[in-house]
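Overview (structure and organization)
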Protein chains: 2
Amino acid sequence: MSAFLLAFAAALLGAKLLGELAERIGQPAVLGELLAGVALGPYALGWVPLSAGILLLAEIGVVLLLFEVGLETDLMELIKVGGRAIAVAVIGMILPFTGGLLLTFAAGFPTLTAIFVGAALTATSIGITARVLSELKMLDTREGRIILGAAVVDDVLGLVVLAVVSQIAEGGAVGAFTVARSTLLAVGFCVVALVAGIPLGRRLIVIVGRANVRGVLVAASIGFALLMSVAARAAGSAEIVGAFACGLILARTNRQHDIDEALKPVVDVFAPIFFVSVGAQVDPRFLNPLDAANRGSLLLALGLTAVGFAGKFGAGFAAGRGVRRAFIGAGMVPRGEVGLVFASVGRASGALSPAVFAAVVVTVMATTFLAPPLLKVLRPKARAAAG
Amino acid sequence: MSAFLLAFAAALLGAKLLGELAERIGQPAVLGELLAGVALGPYALGWVPLSAGILLLAEIGVVLLLFEVGLETDLMELIKVGGRAIAVAVIGMILPFTGGLLLTFAAGFPTLTAIFVGAALTATSIGITARVLSELKMLDTREGRIILGAAVVDDVLGLVVLAVVSQIAEGGAVGAFTVARSTLLAVGFCVVALVAGIPLGRRLIVIVGRANVRGVLVAASIGFALLMSVAARAAGSAEIVGAFACGLILARTNRQHDIDEALKPVVDVFAPIFFVSVGAQVDPRFLNPLDAANRGSLLLALGLTAVGFAGKFGAGFAAGRGVRRAFIGAGMVPRGEVGLVFASVGRASGALSPAVFAAVVVTVMATTFLAPPLLKVLRPKARAAAG
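For clarity, every value in this text was computed on a predicted model and none was experimentally measured. (Residues numbered from 1 in each chain as written. Chains lettered and ligands numbered in written order. Predicted model: local features only at pLDDT ≥ 70, side-chain atom pairs only at ≥ 80, totals over all residues. Heavy atoms only, no water.)

**Some thoughts on the overall build of chain A**
- Tallying secondary structure elements over chain A gives 17 helices and zero strands in all.
- Since a compact globule built from 387 residues should have a radius of gyration of about 21 Å, the 20 Å found for chain A is in line with a globular shape.
- In terms of principal-axis extent, the alpha carbons of chain A reach across some 65 × 50 × 45 Å.
- The long-range share in chain A, meaning contacts at least 24 apart out of those at least 6 apart in sequence, stands at 79%.
- In the form shown here, chain A has an accessible surface area of approximately 14,300 Å², with 68% of it arising from carbon and sulfur atoms.
- Separation between the mean location of the 29 positive side-chain charges and that of the 22 negative ones in chain A comes to 6 Å. (Helix = DSSP H or I, 4+ residues; strand = E, 2+ residues; numbered from the N terminus. Rg over C-alpha atoms; globule rule 2.2 N^0.38 Å. Contact = heavy atoms within 4.5 Å. Areas by Shrake-Rupley, 256 points an atom, 1.4 Å probe, with all protein chains shown as cover. Lys, Arg positive; Asp, Glu negative; His and termini not counted. Charge placed at Lys NZ, Arg CZ, Asp CG, Glu CD.)

So this is what it looks like as structure tokens:
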């Protein structure tokens, strides 16, 4: 227990310290939190192990973060940019997948490896993107909503891709029916949750609002968000999609402001653990070009980063006219923990050799660390307030 | 991960629902949270298993609760009642220990068993007491401070008793030197923490207060509280004593109010998990008098509850004149999770047979569930505001 509390304290204090330093040199705080993770993680200082306890707190952190982001998002405005978001998401999956596949194939690796590498480049880390958008106060802009919508679509489709690729790796046949079913189920969850959830959420909040005991509103709201996360997962989507949907629902109640106010400090304490845990998964030794063993991986990583970056950045231009497309493209760039999940599944199945695995991990790191400063630079300053 | 999130959601929603119902029928909300734990725990519905994840959240919950209680306690006022608190704590350990020892011995059990039963009756659950005091708005009264001070002393001495009793159970000799050393170390921690911590805490809060990033104050404060918990544990005290001391320290900074405001929702979300986890450790089948196998345990439990109750309640009268002594006695009654720890160690070492173990668990339950309504009844209403 003491070891766990110590790791929790180290992650929290390290994240806030490096986050503040990042802010002081004009970078988003989340970049500092990721770096704190690298420094404190098992491959460096080792003060924050990737233990079950820390990963549970990280999961609570990202679920609550997406709940908060949903709570601050206007569903009607999100629906207005729905077409654009879907275009960005779909193009943003096709381009990096094709690029990654062809590059890996051209480098002389087998087809299965190439498919896995391509798939690993399709994911977008909604957590990192949402956090940077929130820091830049861009959540409530058209660009912000397109990025957020596209990242959610990406998360829904990404899990379908992961399921398909895993089946291929296991040598199983992939039925078009299975793919269609998982897609429909994941999309259907979001639709049903929102259509049924909005009237239901309003009634629940009225009931909860009558409570006398302190803290019932925030605790019950978080309880609902956790239940929706589990339901989303059961429907084949990601937990964070359910938490985001719950936020959208409760945003349409008359207690949105009160919930958001009470939720903020809880997110402030747990979301950093998520970013630290993402950083902690990075082994900085892979990055040392002086070690001859790394050079092949680093070369492949360089190519994959270029392809992965260009594919997502280019997808931003599918957003259509009247918006800052480069900003949207940059918002889709970070792969974060989702890319690491793909890489781990690939390594476990044997589809990715240690060298290729290392290259994918370096690519994930590079895109994740590049995006926050890039978003800050590309932020459409004059129009930020206008939305 | 889904199973964990579901258990978290069930614990949170169940605690708030039954807490609210308890409140509606004029009982402290914490009683409802404990009952929610019994209902949802592994011995009933099984929705909230006592898994490692839930126990981690429970530990975070009780650490943050005691941090909050410390933050709302005036150290100078606490020191003023220090003598009274120590008298209540020491008498409140001697009376139940002697009573439990004699009763168990008289019932025909061996000496070792009698020692363990007596020791299990010495603990006071500071978590439950502090929560009820907070609900009754009695933290900031003389009675509240005496109870809190005595409970802290109890927690410090209780661990020494546990160490001694465990050594006896293992057949080891108990040196007076060892006992004196652990006591001095635990007491020394509190003194050094407060003397060195207050000026240090002020400086740290000034530094933290300069941060630009959102949520640094609450996250850093919680980080400090976690570090102090770990330090307290390393010094042979309980984690919650460190968290309480950290609260006392930060209460003397100029940001006490801001920290407290941001901390409240975090406590509202995690403290219920602690009370649910305490309730979940109760196997209600032990309570069935229709089962002949239970009757011996229940009879012993009845005697132990009487002795345990009278001993702690009577200790309240050591508080001296000018305070509501019955209220103070009632505040010392709940054994809670601390009593269960003693019982588990006793069972594991073989000192407690299953029947005696069951009797101790029932005693712990009875004292824990009796105390909140009793405190509510005995609350000195007219003087509550005067302090």
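**A closer look at the packing of helix α1 (residues 2–24) of chain A against helix α10 (residues 216–234) of chain B**
- Orientation of α1 of chain A relative to α10 of chain B, taken along the N-to-C sense of each, is 150 degrees, at an axis distance of 9 Å. Judged by the inter-axis angle, α1 of chain A sits roughly antiparallel to α10 of chain B. Here α1 of chain A and α10 of chain B pass one another in a crossing that is left-handed. Residues S2, L5, L6, F8, A9, L12, L13, K16 and E20 of chain A of α1 of chain A form the contact with α10 of chain B, whose own contacting residues are V216, A219, A220, I222, G223, F224, L226, L227, S229, V230 and R233 of chain B.
- In the contact of α1 of chain A with α10 of chain B, the residues fall into 14 nonpolar, three polar and three charged. (Axes fitted to C-alpha atoms, helices over the stretch in contact; angles between N-to-C directions. Parallel < 35°, antiparallel > 145°, perpendicular 65-115°, else oblique. Left-handed = near helix turned anticlockwise from the far one by under 90°. Nonpolar A, V, L, I, M, F, W, Y, C, P; charged D, E, K, R; others polar.)

**Observations concerning the pattern of salt bridges**
- All chains considered together, the criterion is met by 30 salt bridges over all chains.
- For R131 of chain A, the salt bridge is made with E33 of chain A, and the minimal N-O distance between the two is 2.9 Å. Here E33 of chain A lies in helix α2 (residues 29–40) and R131 of chain A lies in helix α7 (residues 126–135), a separation of 98 residues in the sequence. This pair shows no difference in class: R131 of chain A is buried, exactly as E33 of chain A is.
- Taking the shortest distance from any N to any O, the salt bridge between D268 of chain A and R214 of chain B comes out at 2.8 Å. (Salt bridge = Lys/Arg side-chain N within 4 Å of Asp/Glu carboxyl O. Buried < 20%, exposed > 50% of the residue type's maximum accessible area, 1.4 Å probe, protein only.)

**Some remarks on the environment of S277 of chain A**
Residues and elements named next belong to chain A.
- Along the polypeptide, S277 turns up in helix α12 (residues 256–280).
- Separated by 229 residues in the primary sequence, S277 and V48 have C-alpha atoms spaced 8.1 Å apart.
- Other than its neighbours up to four places away in sequence, S277 contacts L50, L55 and A58.
- Reaching out from S277, the side chain makes a polar contact with the backbone oxygen of F274 at a distance of 2.8 Å. (Polar contact = N/O pair within 3.5 Å; in protein donor to acceptor, adjacent residues only side chain to side chain.)

**Thoughts on the relation of the copies chain A and chain B**
- Least-squares fitting of chain A to chain B yields an RMSD of 0.0 Å, with the superposition described by an axial translation of 0.0 Å and a rotation of 180 degrees. Accordingly, the operation relating the two chain copies is best matched by a two-fold axis. No C-alpha of chain A approaches the rotation axis more nearly than that of V266 of chain A, which lies at 2.6 Å.
- Most of the interface of chain A is mirrored in chain B, where 100% of its interface residues are also at the interface. (Least-squares fit on C-alpha atoms with pLDDT ≥ 70 in both.)

**Some thoughts on a nonpolar patch on the surface**
- A contiguous nonpolar surface patch, about 240 Å² in accessible area, is contributed by I86, V90 and I94 of chain A.
- With respect to the helices and strands, the residue I86 of chain A is situated in helix α5 (residues 82–106). (Patch = residues over 30% accessible without salt bridge, like charges linked within 9 Å, V, L, I, M, F, W, Y side chains within 5 Å.)

**Side note on the confidence of the model for chain A**
- Summarising the model, chain A shows a mean pLDDT of 88, and 98% of its residues fall at 70 or more.
- Interface scoring of the predicted complex returns ipTM 0.87; its pTM is 0.88. (pLDDT = per-residue confidence, 0-100.)

**Side note on unusual backbone geometry**
- A positive phi angle, near 55 degrees, is found at K137 of chain A, a position not held by glycine.
- Looking at the secondary structure, you find K137 of chain A in the loop between α7 and α8 (142–169).

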